Amino acid sequence: MRTVYVNGEYLPEDQAKVSIFDRGFLMADGVYEVTSVLDGKLIDFDGHAVRLQRSLDELDMTSPISKEDLLEVHRELVRLNGVEEGMVYLQITRGAPSDRDFVFPDPDVTPPTIVLFTQNKPGLADNPAAKKGMKVISIEDMRWGRRDIKTVQLLYPSMGKMMAKKAGADDAWMVQDGFVTEGTSNNAYIVKGNKIITRALSNDILHGITRAAVLRFAREAQMEVEERNFSIDEAKEADEAFITSASTFVMPVVEIDGVALGDGVPGRVAPRLREIYLDESRKAAI
């Protein structure tokens, strides 16, 4: 049984409780982060901690924990649960006032709720899916306008994954005003010639921590990167495509809406970026 962390306590998972009045439960009034674990160490913890604070600030939410203490909790959960490869999930909500109300509770009276738990995922780095690539479909992007805030309101992305599953695909890329925004839980990229193309940062997409690292490594490897909008039609004509996220790292995309990219197998760029990302991230893990 896992040990989890709830509001300052380490507890067996079956003893962990959160109030029915918690605003994360009633209003999706909360933010989250997922940090990967490789070799028992945290990948890109600093980036996740910085983005967490940004999400809290954007929602005028108080942080219940310092960055240093948060690192200690992550490490302790990894240790207690013996995680060699996997993830640490973190969620902070605006807390549990005494009753339901649309108006934010007074933070001096209602402290935030903080929850962390681990997910053990052996074989995360050597995921066989990375060798064969994944298939995506396109769907309309119907989420709210602040995708840059990593909130827990994940109903539409969940619906998107189910649409993909029903269509015999692995995931969905969302499209707004004719252009791809991102995947349901990942950033989206295409490769044409030697150029990597991905949407520029804005309120329309999540500012991916893995995205930032991968683009930095790509530039260091003398690959050309262009941050701009691209359409599904342009993506279908690409040589390659891929996604990035904390849990998939770099994952090749080999089919979009039933159209095979290149030879229908992972190309040259995505596997190389995955290799670089895993090597460099392991060196920098804490």
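Heads up: these notes are all about the structure in this document.

**Details of the overall build of the protein**
The helix and strand tally for the protein stands at eight helices and 15 strands. Computed over C-alpha atoms, the radius of gyration of the protein comes to 19 Å, within 12% of the 19 Å expected from 2.2 N^0.38 for 286 residues, which places it in the range of a compact globule. Counting only C-alpha atoms, the protein reaches 55 × 40 × 35 Å along its principal axes. With 286 residues in all, the protein has 50% of them scored as buried. Long-range pairs, those at least 24 residues apart, make up 71% of the contacts in the protein between residues at least 6 apart in sequence. For the protein, the accessible surface area stands at approximately 13,700 Å², while carbon and sulfur atoms represent 51% of it.

**A few points about the environment of A188**
Inspection of the secondary structure puts A188 in strand β10 (residues 187-192). Along the chain, A188 and F242 lie 54 residues apart, while their C-alpha atoms are 6.2 Å from each other. Setting aside residues up to four positions removed in sequence, A188 forms contacts with W173, V180, E182, G183, I197, T198, F230 and F242.

**Overview of helix α8 (residues 269-284)**
Given a rise of 1.5 Å per residue, 16 residues ought to cover 22 Å, and the 22 Å separating the end C-alpha atoms of α8 matches this to within 8%. Looking only at α8, the buried set comprises V269, A270, L273, R274, I276, Y277, L278 and S281.

**Some words on the pairing of strand β3 (residues 30-38)**
Counting buried residues in β3 gives nine out of nine residues, a clear majority hidden from the surface. Burial of β3 is two-sided: the residues G30, Y32, V34, S36 and L38 facing one way and the residues V31, E33, T35 and V37 facing the other way are all buried. Bridge count for β3 against strand β5 (residues 86-93) is eight bridges, and the pairing is antiparallel. Its bridge partner being in β5, E33 is matched across the sheet by L90. The sheet contact formed by β3 and strand β4 (residues 41-42) spans two bridges and is antiparallel.

**Digging into unusual backbone geometry**
In the Ramachandran plot, D39 falls in the positive-phi region, its phi being about 55° despite a non-glycine side chain. Positionally, D39 belongs in the loop between β3 and β4. Phi at D177 is positive, roughly 55°, even though this residue is not glycine. With respect to the element layout, D177 can be found in the loop between β8 (171-176) and β9 (179-183). The exposure class assigned to D177 is exposed, which follows from its relative accessible area of 71%.

**A closer look at the sheet that holds strand β1 (residues 3-6)**
The sheet built from six strands is open, its strands ordered β2-β1-β6-β5-β3-β4 with antiparallel pairing. The open sheet has two edge strands, β2 (9-12) and β4, and neither has a second partner. Those strands touched by helix α3 (residues 67-80) are β1, β2, β3, β4, β5 and β6 (113-120), and its axis lies near 35° from that of β6.

**Looking at the packing of helix α6 (residues 209-220) against α8**
The description of two packed helices rests on the angle between their axes and on the distance between the axes. α8 packs onto α6 with a crossing angle of 110° between their chain directions and a minimal axis gap of 10 Å. Between α6 and α8, the angle is such that the two are roughly perpendicular. Mapping the contact onto sequence places T210, A213, V214, F217 and A218 in α6 and L273, I276, Y277 and E280 in α8. Within the contact of α6 with α8, the residues separate by chemical class into seven nonpolar, one polar and one charged.

**A closer look at the pattern of salt bridges**
Side-chain pairs of opposite charge can arise where the charged atoms are in close proximity. In this structure the tally under the stated criterion is 24 salt bridges. Between R51 and E33 there is a salt bridge, with the nearest N and O atoms lying 2.7 Å from each other. With a gap of 18 residues between them, R51 in helix α2 (residues 45-58) and E33 in strand β3 connect regions that are remote in the sequence. You can call R51 buried: its relative accessible area is 8%. Across the pair E76 and R79 runs a salt bridge whose closest N-O atoms are separated by 2.7 Å. One end of the pair, E76, and the other, R79, are both in helix α3, three residues apart, so they sit about a helical turn from each other. The exposure class of R79 is exposed, given its relative accessible area of 55%.

Cut-offs applied
Residues numbered from 1 in each chain as written. Predicted model: local features only at pLDDT ≥ 70, side-chain atom pairs only at ≥ 80, totals over all residues. Heavy atoms only, no water. Helix = DSSP H or I, 4+ residues; strand = E, 2+ residues; numbered from the N terminus. Rg over C-alpha atoms; globule rule 2.2 N^0.38 Å. Buried < 20%, exposed > 50% of the residue type's maximum accessible area, 1.4 Å probe, protein only. Contact = heavy atoms within 4.5 Å. Areas by Shrake-Rupley, 256 points an atom, 1.4 Å probe, with all protein chains shown as cover. Expected span 1.5 Å × (residues − 1). Pairing = 2+ DSSP bridges. Axes fitted to C-alpha atoms, helices over the stretch in contact; angles between N-to-C directions. Parallel < 35°, antiparallel > 145°, perpendicular 65-115°, else oblique. Nonpolar A, V, L, I, M, F, W, Y, C, P; charged D, E, K, R; others polar. Salt bridge = Lys/Arg side-chain N within 4 Å of Asp/Glu carboxyl O.

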